[in-house]
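# Coordinate inspection notes
In case you want the letters, here they are:
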Amino acid sequence: MVDYNESAEQLMTPCLPKGDALETYYMERMLDNFSASYKLYWFQGIMKEIIAGKQIIHFRTVIAQMLAAAWFPVIYYHLSLGYQDKMADIIHYANIGLELPRETKKDDIVTFFERCDDKKLIKEMESLTKMVPTRLIRPFYEKQIKGYRQAHVDFQEYKTDSLIRQLNDTNDDAVFYRIDEKHGIISVSDHWAEYIRRNHTVIQGWLNYKLVQYLQRRNPSVPAIASKIDPPMPEDRNLTDARKLWDDAGRNAEITDIYTGRRFNAANITQLGGVSIDHFIPWSFVLHNEIWNLCPCFKVVNSSKSDQLPDLKTYLDVFCEQQFKMFITLKDEEKHKKMMQEYLAIKGDAMQLNDNTISHSSFTSALKNTIQPLYQIAINQGYGTWTCDAKWMSKDN
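Sequence positions are assigned chain by chain, starting from 1 and proceeding in written order. Two thresholds apply to this predicted model, a pLDDT of at least 70 for residue-level local features and 80 or more for giving and counting side-chain atom pairs, whereas whole-chain, interface and lining totals are computed over all residues. Side-chain numbers here rest on the full set of heavy atoms in the structure, without hydrogens or water.

Per the convention used, a helix needs a DSSP run of H or I reaching at least four residues, while a strand needs a run of E reaching at least two, with both numbered from the N terminus. The number of helices and strands found in the protein is 18 helices and seven strands. In terms of its C-alpha atoms, the protein occupies a principal-axis envelope of roughly 80 × 60 × 40 Å. A total of 397 residues make up the protein; the buried ones form 47% of that total. In this description, contact between two residues means that some pair of their heavy atoms is separated by no more than 4.5 Å. In the protein, 71% of the contacts between residues at least 6 apart in sequence involve partners at least 24 apart. Reported accessibility uses the Shrake-Rupley method at a 1.4 Å probe radius. Residues are deemed covered only where the shown protein chains occlude them. By element, 49% of the accessible surface of the protein is carried by carbon and sulfur atoms, the whole surface being about 20,500 Å². Side chains of the protein carry 48 positive and 52 negative charges; the gap between the two charge centres is 3 Å. The cut-offs for exposure are 20% and 50% of the maximum accessible area for each residue type, with area from a 1.4 Å probe on protein chains only; residues under the lower value are buried, those over the upper are exposed, and the others partly exposed. Working convention for charge: Lys and Arg count positive, Asp and Glu count negative, and His plus the chain ends are omitted. Here the site of a charge means NZ on Lys, CZ on Arg, CG on Asp, or CD on Glu.

When two rings of Phe, Tyr or Trp (its six-membered ring) have centres within 6.5 Å they constitute a pair, described as stacked for plane angles under 30 degrees, edge-to-face for angles over 60, and tilted for the intermediate range. This model, assessed by the stated rule, comprises 23 aromatic pairs. Geometrically, the ring pair formed by Tyr259 and Trp386 is edge-to-face, given 5.1 Å between the ring centres and 85 degrees between the ring planes. Of this pair, Tyr259 sits in the loop between α12 (240–252) and α13 (266–272) while Trp386 sits in strand β7 (residues 385–386), and the two are 127 residues apart along the sequence. Like Tyr259, the residue Trp386 is buried in the burial classification. The criterion is that NZ of a Lys, or CZ of an Arg, lies within 6 Å of the ring centre and within 35 degrees of the ring normal, and then a charge sits over that ring. Positioned over the ring face of Tyr83 is Lys86, at 5.8 Å from the centre of the ring. Above the plane of the ring of Phe285 lies Lys228, whose end atom (NZ or CZ) is 4.9 Å from the centre.

Further remarks concern the packing of helix α4 (residues 59–76) against helix α6 (residues 106–115). Lines fitted to C-alpha atoms define the axes, with helix axes restricted to the stretch in contact, and inter-axis angles between N-to-C directions lie between 0 and 180 degrees. Two elements in contact, α4 and α6, have axes separated by 8 Å at closest approach and are oriented at 140 degrees. Classified by the interaxial angle, the pair formed by α4 and α6 is oblique. α4 and α6 meet at a crossing whose hand is right-handed. Taking contact as the criterion, the partners of Arg60, Thr61, Ala64, Gln65, Leu67, Ala68, Ala69, Trp71 and Phe72 in α4 are, on α6, Lys106, Ile109, Val110, Phe113, Glu114 and Arg115. Nonpolar residues are Ala, Val, Leu, Ile, Met, Phe, Trp, Tyr, Cys and Pro. Charged residues are Asp, Glu, Lys and Arg, and all others, Gly as well, are polar. Of the residues contributing to the contact of α4 with α6, the split by class is nine nonpolar, two polar and four charged. Working definition: roughly parallel below 35 degrees, roughly antiparallel above 145 degrees, roughly perpendicular at 65 to 115 degrees, and oblique for all remaining angles. For any pair of crossing helices, the crossing counts as left-handed if the nearer helix is rotated counterclockwise from the farther one by less than a right angle, and right-handed if it is rotated clockwise.

This next bit is on the side chain of Gln322. Within the element layout of this structure, Gln322 appears in helix α16 (residues 312–330). Gln322 sits in the buried class, given a relative accessible area of 6%. Not counting chain neighbours up to four residues away, the residues in contact with Gln322 comprise Trp246, Ile255, Thr256, Ile258, Cys295 and Pro296.

In structure tokens form, the structure reads like this:
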């Protein structure tokens, strides 16, 4: 029977894999409270290495795994890890200061952070190991810490990490790992390594849930947080249907590149590359391919724009004009019916696909009411703005 006093969040929380009572208890306690993402990413980094067959793991390897896991939320999706969290500073330094490309593959990011000899980067990475290794395993020593506090009334909280290191200098297999600071390694117990290898899929789902909760609290207005904790998959940006739709629109109405004002003729394609489908608000923010956010443009222009926001004052009106032209041209075509249904998602009572009298002003007002709030949130998240290079503009279009 459901306890109706339980919160919706409790009912949806993934369950940990079954083990003995202590396994479940300590797993929950290790990650039940954190004000920064370090413990969560530290645990996940250790788990990655355990799954790969390792139990003696270097601090730097775990830190490299942490930074690689946080790379895409921070760099690709512009998410905030929180005010107290310094991992984003290290990641931005690697991306901007050390020119590690935005689209670097996850395994290559791990290798970069493991091997890079930049002194500033090494110092910043080492700073993450000062407290995180002890803070994660604190639940295993709560009774001893409590007893020590009672015996030493002048005990200060900042000494807890040192106390945990002393208590950790044993061969107790019930503790998740032992810390060897001299050699910069941790040694995971056989008992916990076996538990994690046996249940890693379920544990990863539990960790993902924790991470989504954490990121959502720090990015409350951002859409699709749950899909922004991992690198994008190629199929996520499949624009085949959108390309067909715009091709058909171009055969029935004159469609131009909204950023250059130039027609998609042979001469312009030769100069500016083929035709790409652009996400007006970057895909990395909206995480969908709905037609009301798409427009055709030349490849060289699309590459220049990348994941930036087009200047709203310059391009919003012409974008809405082009959208209206395509909508009116194709809305009654049966073969595009499914995709045209996506217009129902934009805000405004005027958006009725079977209404042959929809006005230009009603359509553009509804589209702007959808675009503008998303645009402002993306600005707040740190997305840059962009205008087309004047060299690609031409009076003879």
